[in-house]
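Summary of structural features
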Amino acid sequence: MMTQIVFYVFAAVLVLSATMVVCARNPVHSVLFLILAFFNAAGLFLIAGAEFLAMTLVIVYVGAVAVLFLFVVMMLDIRFAQMREGVQRYAPIGAAVGGVLLVELLMAFMHWRVAGNIGQIRHLVPSSPARTNTAALGDVIYTHYIFLFQTCALVLLVAMIGAIVLTLRDRPTGRRQNIDRQHDRVPQDSLEMLQVPLGAGVAAQGGFLRPRDSYDVAAVPGTYGTEAWRQSEAEEEIQTALVVVAPADGAKGQDNG
Amino acid sequence: MAYFFFHTIIGQILLIALESLAVLAPLLLGVAYLTLAERKVMAAMQLRKGPNVNGPFGVLQAFADAIKMLTKETVIPSGANRMLFLFAPFLTFSLAMVAWAVIPTGNGLAIANINVGVLYLLAISSLGVYGMLIAGWASNSKYAFLGGLRSAAQMVSYEVSIGLVIVSVLLAVGSLNLNDIVLAQRHVWFCLPMFPMFIVFFISALAETNRAPFDLPEGESELVAGFFVEYSALAFGLFFLGEYANMFLMSGMVSILFLGGWLPPLGIAPLTWIPGPLWLIAKILFCLFVFIWVRATFPRFRYDQLMRLGWKVFLPFSLAWMVLSAGFLMVTGLLPGGAG
C-alpha cells in the first residue's frame, strides 16, 4: 500500500518534470527539471529494489552529466525575443517530426505483444537476500559479458579522445607554465644588480624590464624598452633579464651601516 | 513502548526522527564550535589571540555570530531569480545534513545501514555542487556566477579521483556497506597499506569542500566572496553551516574509509573501554584540525594549477594505484568476496 503510494508520487513527479523540461521557457529551469526527473527515476529504481542502479543514476547523471549541462546552459547568451522569432519558423518542421514520431509510436504499440516466456526472467533474478544486487550486477557484467563491457569502454574511450582532439588547440599566443623551467631558474641568471647614479633614472637601461623568459613567446621583439636600449641590445646579446635598480647612495649607506 | 516504535508506521517514523535528531543536534553544535575552533587554531598558528571576549576563552562567540546572522536583513538583489536564489542555500544545507544518515558511529549504529552506503555518500557529495552553481546563477552577479562556475568545474574534477580512491578501498573490503568497510579495518587501518591514497583522498576532500588552498570558488581576493557574494543573513548562514557541515562529513568519510571509523587503534584493554562513537568523533576532530592547519599553512592555488593537480596528477595516480592494488590482491589471494 505504502509502496504503491510512493510509486505513484515518484511517477507523477517524474512525468510532470519531464514535461516541464520541454515546456519551461528558461533553459536553466529546463535543466533543473531534468535533474528532478533523474531524481524521481532514481526513486523508482529504489522502489524496485535496484539500489545500485539508483545510486549510479544519481552519481553519473545528476552528479556529472547534468552539472556540465547546467554549466553550458548557464553560459549561453539567451535572448527570449530571438527564441520566439524562431518558433514560428521552425514550428511546421517540428510539428512534422513530432507527428511522424507519434504515428510510429502508435504503430509500435498497436503491435506490441508480451512474450510468452516472460515469467522465466524472474528466475534469473538472484532471490537470496545475502546476494546484493551490486554483487549480482558485477557478476553479470564482469564475468558473463566482459567482452561487451570492454567494447563499451573502448567506444567511450574513443569518444573521449575524439572530444579532446577536437577541442585541443595549441594557440601561438597561449602562455604555458613550464614548472621545470621555473624551478631551474636561479637569481644569478635573471637578476643583475646595477649601480645607478642618484637622479639618473633607469632610462639608460631601457626602463623597467620584465624577465626575458616571459616575453620570449608572447611579446614581439623590438617593441619594448627605449630606442637606445634596443640598439645596445642588438649589439650585444644581453643574457640578463630583470633589472633591479639599487640607488647607488642606498647601497653605500648599507655598507656603512 | 518497544512495540510502538518498531512495529507501527508512526512509531517508526518517530524513531527515525529521534535518531536523526541524535545525530544532527551534536553535528550543528559541532559546526558552531568548528567556526570558533578554526579562528582559535588559526590565531594560535599566527601568534594572535583569536576571539576571547564573549565568555571564557571566547566560547560564546559562536552564539554571538549566530544571533547576529539571524537578526540581519535578508537582501535579495533585483534581477535575481528569487525562487532559485532562496532555494540554493537550503539545498546546500540539507544535502550536508542528509548524508549523515548512513555514517555508522558504532557497529551497526547508523540511521540507515544500507548496502550501498558509499555510493549514497558519493551521490550526495556530488550534488553539493548544485547549491553553488544555482546560487551563482540566480544571484545575477558576475562574481557570484564566476564563483559558481569555478566550483562546478572543481568539484566535478576532484570527484573523479575521489571515486577512484574509494574504488581501491572497496577492492580491499568487498562491500559497499560502510559498516563492513570499518569492520574490514579490524587488523590494520587502511591509511597504512594505502597511505598514498589516504593523502590523495584528503587533498581531494579539501577541494571538494572548497577549503583552502582550493577555495577558488570563494577566493576573496578575486571574486569578493564567490558564489555567495549576494547572500546575507539566514541564507548566508545556511551556506556557512552547510560548508562546515560538509567539512565534518568529509572528515567522517576520511575516518571511515582510512582511519578505522569507530575502531580503536589497537584492540587492547584500555583503548577498547572507550566507546566507539567517541573514537569516531576523535578521528573526525583530528581531520578537522588538519583542515584548519592546511588553511593556515598553504597559499591559494591558481586555477590552472588546481586543474592540473586534479586531472594530471591525482587521476592517473589513483587509477594506477587502483589497477595495481587489484592485481596485488588477486595475486596474493587476498581479494575478498571469494569470486576469485
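Parameters at a glance
- Residues numbered from 1 in each chain as written.
- Chains lettered and ligands numbered in written order.
- Predicted model: local features only at pLDDT ≥ 70, side-chain atom pairs only at ≥ 80, totals over all residues.
- Heavy atoms only, no water.
- 1 Å grid on protein atoms, 1.4 Å probe; cavity = no way out; pocket = protein on both sides within 12 Å on 5 of 7 lines; lining within 4 Å.
- Points joined across faces, edges and corners; volume = space filled by probe spheres on them.
- Helix = DSSP H or I, 4+ residues; strand = E, 2+ residues; numbered from the N terminus.
- Nonpolar A, V, L, I, M, F, W, Y, C, P; charged D, E, K, R; others polar.
- Salt bridge = Lys/Arg side-chain N within 4 Å of Asp/Glu carboxyl O.
- Buried < 20%, exposed > 50% of the residue type's maximum accessible area, 1.4 Å probe, protein only.
- Contact = heavy atoms within 4.5 Å.
- Buried area = accessible area lost by both parts, 1.4 Å probe.
- Polar contact = N/O pair within 3.5 Å; in protein donor to acceptor, adjacent residues only side chain to side chain.
- Axes fitted to C-alpha atoms, helices over the stretch in contact; angles between N-to-C directions.
- Parallel < 35°, antiparallel > 145°, perpendicular 65-115°, else oblique.
- Left-handed = near helix turned anticlockwise from the far one by under 90°.
- Phe/Tyr/Trp six-rings, centres within 6.5 Å; stacked < 30°, edge-to-face > 60°.
- Domains from an automatic or database assignment.
- Expected span 1.5 Å × (residues − 1).

1. Some points on empty space enclosed by the protein
Residue and element names in this part refer to chain B. Counted under the stated rule, the structure contains three cavities of 30 Å³ or more. Roughly 90 Å³ of internal volume is contained in the largest cavity. Surrounding the largest cavity, T92, L95, A96, I124, S125, G128, M155, E208, T209, N246 and M250 form its lining. Taken together, the elements giving at least two residues each to the lining of the largest cavity come down to α4 (82–98), α5 (117–138) and α10 (233–258). Across the lining of the largest cavity, the residue classes break down as five nonpolar, five polar and one charged. By volume, the second largest cavity amounts to about 50 Å³. Surrounding the second largest cavity, T92, M132, E208, T209, F227, F228, F239, G242, E243 and N246 form its lining. With four residues, the top contributor of residues to the lining of the second largest cavity is α10.

2. A closer look at the pattern of salt bridges
Residues and elements named next belong to chain B. Within the structure shown, the criterion is met by five salt bridges over all chains. Between D65 and R39 there is a salt bridge, and its shortest N-O distance comes to 3.3 Å. Here R39 lies in helix α2 (residues 9–45) and D65 lies in helix α3 (residues 61–71), a separation of 26 residues in the sequence. For the salt bridge of R302 with D304, the shortest nitrogen-to-oxygen distance reads 2.8 Å. Taking relative accessible area as the criterion, R302 reaches 41% and is therefore assigned partly exposed. Put simply, E38, R211 and R295 are held in one network by salt bridges that share partners.

3. Some thoughts on the interface of chain A and chain B
Taken together, the contact pairs 23 residues of chain A with 26 residues of chain B. Taken over both partners, the interface formed by chain A and chain B buries close to 2100 Å², and the fraction arising from carbon and sulfur atoms is 80%. Contact with chain B buries surface across chain A, with M55, I59 and M74 of chain A losing the most and accounting together for 26% of the total. Taken together, the connections running from chain A to chain B amount to zero salt bridges. Across the chain A-chain B interface, the total number found is three residue pairs in polar contact (both at pLDDT 80 or more). Among the elements that make up the side of chain A that touches chain B, the one with the highest residue count is helix α3 (residues 51–75) of chain A (13 residues).

4. A look at the side chain of S255 of chain B
Considering the arrangement of structural elements, one finds S255 of chain B in helix α10. Excluding residues within four positions of it along the chain, S255 of chain B makes contact with G260, G261, L280, K283, I284 and C287 of chain B.

5. What about the packing of helix α2 (residues 27–47) of chain A against α5 of chain B?
Contact geometry of α2 of chain A with α5 of chain B gives a least axis separation of 13 Å together with a crossing angle of 160 degrees. Relative to α5 of chain B, α2 of chain A is oriented roughly antiparallel. The hand of the α2 of chain A/α5 of chain B crossing is left-handed. Residues V28, H29, L32, I35 and F39 of chain A of α2 of chain A form the contact with α5 of chain B, whose own contacting residues are L127, Y130, I134 and W137 of chain B.

6. Concerning the packing of aromatic side chains
The relation between two aromatic rings is expressed through the spacing of the ring centres and the mutual angle of the planes. Residues and elements named next belong to chain B. Taken as a whole, this structure holds 20 aromatic pairs over all chains when the rule is applied. Taking the centre distance of 6.2 Å and the plane angle of 90 degrees together, the rings of Y158 and F314 count as edge-to-face. One end of the pair, Y158, is in helix α6 (residues 142–173); the other, F314, is in helix α13 (residues 303–332), with 156 residues separating them in the sequence. By the burial criterion, Y158 is buried, and F314 matches it. Note on F202 and F291: the rings are 5.2 Å apart at their centroids and 70 degrees apart in plane angle, and the pair reads as edge-to-face. Linking F202 in helix α8 (residues 195–208) with F291 in helix α12 (residues 276–297), this pair joins segments that are 89 residues apart in sequence. Here F202 falls in the buried class, since its relative accessible area comes to 11%. Judged by its relative accessible area of 0%, F291 is buried. Ring pairs connect the aromatic residues F85, F228, Y231, F236, F239, F240 and Y244, which therefore count as one cluster.

7. Overview of unusual backbone geometry
All names here are of chain B. One non-glycine residue, L47, lies in positive phi territory at about 55 degrees. The residue N210 is not glycine, and still its phi comes out positive at about 60 degrees. Looking at N210, the relative accessible area reads 2%, which means it is buried.

8. Remarks on the domain arrangement of chain B
Residues and elements named next belong to chain B. Splitting chain B by domain gives domain 1 (1–71) and domain 2 (78–332). Measuring from the centre of the C-alpha atoms in domain 1 to the corresponding centre in domain 2 gives 19 Å. Between domain 1 and domain 2, the residue contacts involve 18 residues of the former and 21 residues of the latter. Taking both partners together, domain 1 and domain 2 bury about 1800 Å²; carbon and sulfur atoms supply 86% of that area. On the domain 1 side of the contact with domain 2, L34, E38 and M69 bury the most area, a combined 32% of that side's loss. Counting every contact that joins domain 1 to domain 2 gives two salt bridges. Note that R211 and E38 form a salt bridge whose closest N and O atoms lie 2.6 Å from each other. Sort the elements by how many residues they give to the side of domain 1 that touches domain 2 and α2 lands first, with 16 residues.

9. Comments concerning α5 of chain B
Residue and element names in this part refer to chain B. Counted at 1.5 Å a residue, the expected span for α5 with its 22 residues is 32 Å, and the 32 Å between its end C-alpha atoms agrees. Of all 22 residues in α5, 22 are buried, a share of seventy percent or more. In the stretch just after α5, N140 is the one whose phi turns positive, near 55 degrees.

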